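Analysis of the macromolecular model
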Amino acid sequence: MSESAQLHTTPQQHSETTESLPSQQPNYMHEFGFDQGQGLQFGIYSLGDHLPDPHDGSRVDAGQRIHEFIGYAQAAEAAGLDFFSLGESHQEFFASQAHAVILGAIAQATDTIRIGSSSTILSTSDPVRVFENFATIDLISGGRAELVAGRASRVGLFELLGYDLRDYEELYEEKLDLLLKINREQQVTWSGQFRAPLNDAEVLPRPTGQALRIWRAVGGAPASAMKAGLAGVPMVMAHLGGTTSVFKGTVDAYRRAAAHAGFDPAILPIATAGFFHAAETSQEALQAMYPHINEGMKRTNGQGMPKQHFAQSVHPASIANIGSPQQIIEKILHQHEVFGHQRYLAQVDFGGMAYADVMKQIEIIGTEILPAVKKYTATAPTDKQTGTAGSAFDSAEEALS
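Here's what I pulled together on the structure shown here. Quick caveat, the model's predicted, so the values are computed rather than measured.

A closer look at the nonpolar core
Within the largest apolar cluster, 61 residues are counted, with the highest numbers of intra-cluster contacts made by Phe 42, Ile 44, Phe 276 and Ile 369. Ignoring anything within four residues of it in the chain, the contact list for Phe 276 reads Phe 42, Met 289, Asn 321, Ile 322, Ile 328, Tyr 344, Ala 346, Gln 347, Val 348, Gln 361, Ile 365 and Ile 369. Ranked by size, the runner-up nonpolar core spans 24 residues in total, among them Met 29, Val 251, Ile 270 and Ile 319.

Pasting the structure below:
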């Protein structure tokens, strides 16, 4: 039987599976503090890029760029957003190589907003050090830290940090397994292929709560989502483009895989992340963002984005949230109806976007978009706090009237 066939379950089979779930499964909805009565969580993320302005080639220095990240987090907190995250990369045109250090500074500069990594490249890191760093950030922030474990879409760091790219998948899976074990066990005994074994090791410090909030990054492909589901860990699904309906298959594959492995999908949070830009009209949004996306991707990924492809971002079916505030509200409500997810993360600063322009985006989110999204995605809480009861899109027409 094929893997996809094995993971197909009927509603009746799903019910039978969830009645015999492992008692040790953490209730991640509870641990991560998701309250569906407060509606969909809304955050912003930065990859930590340090790119020139595509219009005039100017670029701030690295120190100023790092302080911009801190400023974004402070502005997001003031605007009422739920989460700010910063990525890690180790190549030209990035400034967040030491993203945990910057997040420590953000922990000191903020009071209430949750903070974390938009992707910590676990494949080229020691899980012990990663846990130590983020447990420390969690303590500094008073329990606000989260960690998204990723594999790297830009792979130059493998050679830089002394790893073999041929071990790409194996490195990630082994290190994620160890990180999750460290997170759940006070004393760790473990052995693997790529790291020296641990023998009754105590990894300190421990975070504020029982465990760190750890997500698995998924690039949008169902196969990657299935691995997250089989491991029973929360998923962050990142996407550069495409339609909402296509990504529904990824979400469905994740939940089927979780149920197949004996986990309850109802207590596994899902976050989505992607391009965001709001302007008075969709045409203005496209014109303002396209040069940054195209030139930025050329420099960081080696290939730009075709203009015709990017123009589809304003279509109502597009997963990218680009357009007028009202159009974006409608898109986010539709995505929440389709996915039943708990958090959306907007990428607002990529490609040499001016600091003032990013701050304007945060202001628009806080004043025009966030109140409607919160109001029309809030539902009556359930025992499991799943965030999926009720229908957010049922109220979309009222939100946009």
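Concerning the layout of surface pockets
Volume-wise, the second largest pocket comes out at about 410 Å³. Lining the second largest pocket are 22 residues, and of these Tyr 28, Leu 180, Arg 184, Ala 231 and Val 233 lie nearest its centre. Listed by contribution, the elements that provide at least two residues to the lining of the second largest pocket are helix 8 (168-184), strand 7 (213-218) and helix 9 (222-231). When the residues that make up the lining of the second largest pocket are grouped by side-chain class, the tally is 12 nonpolar, 4 polar and 6 charged.

Focus: the side chain of Ser 123
Looking at the secondary structure, you find Ser 123 in the loop between strand 3 (114-121) and helix 6 (127-141). Judged by relative accessible area, Ser 123 falls into the buried class, the value being 0%. Not counting chain neighbours up to four residues away, the residues in contact with Ser 123 comprise Gly 150, Arg 151, Phe 158, Tyr 163, Tyr 168, Leu 171, Tyr 172 and Lys 175.

So, the side chain of Asp 264
You can see Asp 264 is positioned in the loop between helix 10 (244-260) and strand 9 (270-278). Polar contacts involving the side chain of Asp 264 include one to the main-chain amide nitrogen of Ala 266, which spans 3.0 Å.

Concerning helix 13 (residues 325-339)
The terminal C-alpha atoms of helix 13 lie 21 Å apart, and with 15 residues this matches the ideal 21 Å at 1.5 Å per residue to within 8%. Listed in full, the buried residues belonging to helix 13 are Pro 325, Ile 328, Ile 329, Lys 331, Ile 332, Leu 333, Gln 335, His 336 and Phe 339. Looking one or two residues beyond helix 13, the residue adopting positive phi is Gly 340, at roughly 65°.

Conventions we followed
Residues numbered from 1 in each chain as written. Predicted model: local features only at pLDDT ≥ 70, side-chain atom pairs only at ≥ 80, totals over all residues. Heavy atoms only, no water. Core = buried A, V, L, I, M, F, W, Y, C linked by side-chain atoms within 4.5 Å. Buried < 20%, exposed > 50% of the residue type's maximum accessible area, 1.4 Å probe, protein only. Contact = heavy atoms within 4.5 Å. 1 Å grid on protein atoms, 1.4 Å probe; cavity = no way out; pocket = protein on both sides within 12 Å on 5 of 7 lines; lining within 4 Å. Points joined across faces, edges and corners; volume = space filled by probe spheres on them. Helix = DSSP H or I, 4+ residues; strand = E, 2+ residues; numbered from the N terminus. Nonpolar A, V, L, I, M, F, W, Y, C, P; charged D, E, K, R; others polar. Polar contact = N/O pair within 3.5 Å; in protein donor to acceptor, adjacent residues only side chain to side chain. Expected span 1.5 Å × (residues − 1).

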